[in-house]
Every structure is written in C-alpha cells, then in structure tokens.
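# Summary of structural features
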Amino acid sequence: MPVDAERYANCHIYVDAADPGTLVERLRPALGVAAVTPTSPDLVFGPLLVTGASNDYATGARAHPDDFLEWPVVPECDAVPGAAPAETVEAVSALLRCLWNRGYAALATCDFEDELPCAGGATRHPPPTRPSRGPGTLAGRAVRRVIRSVDPRVRRRGRRT
C-alpha cells in the first residue's frame, strides 16, 4: 500500500513552556543543531524544520495541568519535501523525548501521533475529565440558569411553579 506523504508533512507539539524563543534556545544544544540564522527562532532537525511559535488560541484559563490546548508554546514541525515517513516519525519522536527528558510537558498533534512514543504524549498527559452535570456542580447550575432564562416557570432548585 502506498504511503500518504501528506500524512507526514507536519506536526504541532504543544509544550508547557514560558515562551518559544527560550524553548528553541534550550533545544538547540540538546539536539546538537544550530539555528537556521543567528536571529531565527527556527531550527533544522533531521528532515524537520522546527519553528518556535506561541499558542495564539490559549486563553490563560488553565483549569487542569494537562489541558494541552492552553499550553503557551506550539512548535510547528514541517517535513522537508521528499522526506521518508520513517525519518519524520523518528525525528518527531526524538524531539518529544528530548522535551520530556528536560521536564517539559509536551503533546504532539498530527496524523501520525499513533506512531509516536506514548501516542504523541497522550498517555503521559490524559485529557481532563469532564465535570459531572449533576445539580450541585457548576455545570449543573449553568444548565439550570439557561433553562430558567428560557422557561420562567422554573424556579430555584429546578422546580416548576
């Protein structure tokens, strides 16, 4: 069966780090690579161009430490054209291991995360569990407020008048 090269073209790695510049500066010597240019936040590692980037979608509302969507740094890893999928998987795997060995929480999101160690970090950082929607929880109270706003017959404690 032919390999879908597009599947291995890119990968994002969410990292719980202060800022992308510091993260890339710490990764360069650990990975044994140099910067693309002296002032660039990019580095080349194997078949990957790794660009340090901020998570523009983070809101700062971190209800759970493993809520990776709120981690502030998201390096973008783009495979060079013609890179073998096995090389790309190995490079992203090595990058993840490097981050984990240095104490960073990191989780990869890509089409081949199932081929990465720890499922790309998903088994190391399981998603937060959803809160119960029972009447005593914040979610339950929010649901009751919405119902009361739609149906004025619903009073406190969910009783109808």
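Summary of the structure given here.

Scoring rules and cut-offs
Residues numbered from 1 in each chain as written. Predicted model: local features only at pLDDT ≥ 70, side-chain atom pairs only at ≥ 80, totals over all residues. Heavy atoms only, no water. Axes fitted to C-alpha atoms, helices over the stretch in contact; angles between N-to-C directions. Helix = DSSP H or I, 4+ residues; strand = E, 2+ residues; numbered from the N terminus. Parallel < 35°, antiparallel > 145°, perpendicular 65-115°, else oblique. Contact = heavy atoms within 4.5 Å. Expected span 1.5 Å × (residues − 1). Buried < 20%, exposed > 50% of the residue type's maximum accessible area, 1.4 Å probe, protein only. Core = buried A, V, L, I, M, F, W, Y, C linked by side-chain atoms within 4.5 Å.

### Section: the packing of helix α1 (residues 20-31) against helix α2 (residues 85-101)
Where α1 meets α2, the closest approach of the two axes is 11 Å, and the angle between their N-to-C directions is 110 degrees. Considered as vectors, α1 and α2 are oriented roughly perpendicular to each other. Contacts between α1 and α2 involve Leu-23, Leu-27, Ala-30 and Leu-31 on the former and, on the latter, Leu-95, Cys-98 and Leu-99.

### Here we look at α2
With 17 residues, α2 extends 24 Å from end C-alpha to end C-alpha; this agrees with the ideal 24 Å at 1.5 Å per step. Taken together, the buried positions of α2 are Thr-88, Val-89, Ala-91, Val-92, Ser-93, Leu-95, Leu-96, Cys-98, Leu-99 and Trp-100. Tucked inside the fold, the buried residues of α2 contact β1 (10-15), α1, β2 (42-45), β3 (48-51), β4 (76-79) and β5 (106-109). Positive backbone phi, approximately 90 degrees, marks Gly-103, located one or two places after α2.

### Observations concerning the nonpolar core
By size, the foremost hydrophobic cluster in this structure holds 31 residues, and its most contacted members are Ile-13 and Val-15. Within the residue set of this core, elements represented by two or more residues are β1, α1, β2, β3, β4, α2 and β5. In terms of residue count, the dominant contributor to this core is α2 (eight residues). Excluding residues within four positions of it along the chain, Val-15 makes contact with Leu-23, Trp-71, Pro-72, Val-73, Pro-75, Leu-99, Tyr-104, Ala-105 and Ala-106. By size, the runner-up hydrophobic cluster in this structure holds five residues, among which are Trp-71, Val-74, Ala-105 and Leu-107.

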